[in-house]
Structure formats: structure tokens, C-alpha cells
Amino acid sequence: MRRRLGTSCYAGLLFTVLGLVAWATGQPFVFPSLGPSAFVLAFDRRSERERAVRVVGSHLIGGLAGLAAWTFVADGAALTATPPAFSPEGFRLTASAVASLVATSWAMIATGTVHPPACATTLIVSLGLLSAPSEVAIIVASVTVLVAFHAVVILAFKRLVGDAHPLYGRDDAGEGGGSI
């Protein structure tokens, strides 16, 4: 029970930081694929350099692959409403989404930066929802802020209570940390 509550509240805290940045800047620092990334960080709360590289790197790959696919296949189209059946715009958006997902999957595996939420990032971009280069830069900045804030919280927590805290092991309900 304690693990469930702690994970849920911590994921909310991580997301709140980005929400405040989005609110203060008026920029899209909050987008759907950040929710799963915040959960992954909150669920397995260790802070490791490898995880930070994997999370940021995968979203960078997803953003760039989505931008390339959208630019070359669906430039000007956006999935803000369901396109009519058999429309050229619908075909271009579908092709853009497929191309970005294939490219993102391949590049994450090739670079050792596998983080499934980045597949949602690539679709957000390749479907024309956040497709400007500046918006892709904001996506990467947002993920970087998320991971950096997580690292600061974990470092502060370790300094306050040490490594032997149940946060790093099992709680009273037998729920383990585990890596996602």
C-alpha cells in the first residue's frame, strides 16, 4: 500500500514540476508521453546515469524521427480531427506515423536507449501535433527537466535517509522496485 501511494504521489510531483514550467512559459512542456516516463521514474526510484541517458535519448530519437517522418511525408497535415476515409491527408499521416515508429524502434534498439514512452513521442510529432523544430526541442528539454529533477530528488533523499531505506527494496506489502 505504501509503495502504491508513494509511487503515485511521486509521479504526480515529477509531473507537477513540468506543469508549472508549461504554465509559466506558455510552451508545451507537458505532453502525453511524459506521463509514462514520470511513472517509470517514480516506480523504480533509483537514479542512474544509464537510465537518464536512456530516457532522454529515446525521446530525442522519437522527436527527431517523428519530425523527419512528418517533414518528408505529411508536412502541413495534422491529426487534430479524424481525416475522411481514403483521404490523401489521412494516408500521409498514417505513413508518417508508421515511418516514425519504425525509425524510433530501430534507433532505440541500435543505441541501447529503449524506453517505450518515446514511441508515443514519435507519434505526437509525426502526426503533426507538436511538429515544429522548436516544439521538438521543447519535448527534449521537458524530458531533460523531468530526469534532472528526479536525479536531484533521489540525491537529496539518499543524503537524508541513506541507501538502506525501503524505497530501494521491498515495502510492507511485498511489492518490489524492479526496473521498467
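All values derive from a computational prediction rather than experimental measurement. (Residues numbered from 1 in each chain as written. Predicted model: local features only at pLDDT ≥ 70, side-chain atom pairs only at ≥ 80, totals over all residues. Heavy atoms only, no water.)

**Remarks on the pattern of salt bridges**
For clarity, the cut-off: For salt bridges, the criterion is a side-chain nitrogen of Lys or Arg within 4 Å of an Asp or Glu carboxyl oxygen. Each residue gets one of three labels from its accessible area relative to the maximum for its type: buried under 20%, exposed over 50%, partly exposed in between, using a 1.4 Å probe on protein chains only. By definition, any uninterrupted DSSP run of H or I lasting at least four residues is a helix, any uninterrupted run of E lasting at least two residues is a strand, and each is numbered from the N terminus.
Considering all chains together, one arrives at 2 salt bridges under this definition. One salt bridge connects Asp44 with Arg51, and the closest N-O pair in it is separated by 3.3 Å. The two residues Asp44 and Arg51 agree in class, both being buried. In this structure, Glu50 and Arg54 form a salt bridge, with 3.9 Å as the shortest nitrogen-oxygen distance. Taken together, the residues Glu50 and Arg54, both in helix α3 (residues 49-74) and 4 residues apart, mark about one turn of the helix. Judged by relative accessible area, Glu50 falls into the exposed class, the value being 61%.

**What about the nonpolar core?**
Formally: To form a nonpolar core, buried Ala, Val, Leu, Ile, Met, Phe, Trp, Tyr and Cys residues must be joined to one another through side-chain atoms within 4.5 Å. Only heavy atoms enter the contact rule, under which two residues are in contact if any of them lie within 4.5 Å.
Formed by 20 residues in total, the largest nonpolar core has its most connected members in Leu14, Phe31, Leu34, Val143 and Leu146. Those elements that place two or more of their residues in this core are α1 (2-25), α2 (34-43), α3, α5 (117-126) and α6 (133-161). Here this core takes 6 residues from α6, the largest share from any one element. Among residues more than four places away in sequence, those in contact with Leu34 are Phe15, Leu18, Phe29, Ser142, Val143 and Leu146. Grouped together as the second largest cluster of nonpolar side chains are 6 residues, Ala74, Ala77, Leu93 and Leu127 included.

**What about the packing of α3 against α5?**
The test is simple: Axes, fitted as lines to C-alpha atoms, cover a helix only where it is in contact. Angles between the N-to-C directions of the axes lie from 0 to 180 degrees. Any angle that is under 35 degrees is reported as roughly parallel, and any over 145 degrees as roughly antiparallel; angles of 65 to 115 degrees are reported as roughly perpendicular and all others as oblique. When the near helix sits turned anticlockwise from the far one by under a right angle, the crossing is termed left-handed; a clockwise turn instead gives a right-handed crossing. The nonpolar class holds Ala, Val, Leu, Ile, Met, Phe, Trp, Tyr, Cys and Pro. Asp, Glu, Lys and Arg form the charged class, and all remaining residues, Gly among them, are polar.
It is at 7 Å that the axes of α3 and α5 come closest, and there the two elements cross at 25°. Here α3 lies roughly parallel to α5, going by the angle between them. Here the hand of the crossing between α3 and α5 comes out right-handed. Facing Ser58, His59, Gly62, Gly63, Ala65, Gly66, Leu67, Ala69 and Trp70 of α3, the residues of α5 in contact are Pro117, Ala118, Thr121, Thr122, Val125 and Ser126. Partitioning the contact of α3 with α5 into residue classes produces 7 nonpolar, 8 polar and no charged.

**Description of the UniProt feature "transmembrane region" (unreviewed entry) in the chain**
Our working definition: UniProt positions are given in the numbering used here, feature names are shortened, and annotations may be inferred rather than shown by experiment.
UniProt's entry tags residues 58-81, 93-116 and 136-157 with the feature "transmembrane region" (unreviewed entry), counted in the numbering of this structure. The annotated region residues 58-81 carries 71% helix and 0% strand content, and the separation between its end C-alpha atoms amounts to 28 Å.

**Some remarks on α6**
We apply this condition: Expected span of a helix: the number of residues minus one, times 1.5 Å.
Counted at 1.5 Å a residue, the expected span for α6 with its 29 residues is 42 Å, and the 42 Å between its end C-alpha atoms agrees. By the burial criterion, the buried members of α6 are Val136, Ile138, Ile139, Val140, Ser142, Val143, Leu146, Val147, His150 and Ile154. A positive phi of about 85° marks Gly162, the residue just after α6.

**Description of the packing of aromatic side chains**
So the rule is basically this: Within 6.5 Å between ring centres, the rings of Phe, Tyr and Trp (the latter by its six-membered ring) count as paired, and their orientation is classed by plane angle as stacked under 30 degrees, edge-to-face over 60, tilted in between.
Applying the stated criterion to the full structure yields 1 aromatic pair. Taking 5.6 Å as the distance between ring centres and 25° as the angle between the ring planes, the aromatic pair formed by Phe39 and Phe43 counts as stacked. With Phe39 and Phe43 both in helix α2 and 4 residues apart, the pair spans about one turn of that helix.

**Things to note about the confidence of the model for the chain**
Short version of the rule: One number per residue, pLDDT, summarises how confident the predictor is, and it ranges from 0 to 100.
The predicted model of the chain averages 88 in pLDDT, with 87% of residues at 70 or higher. This model gives residues 168-180 a pLDDT under 50, and the stretch forms 35 contacts once residues within four places in sequence are excluded.

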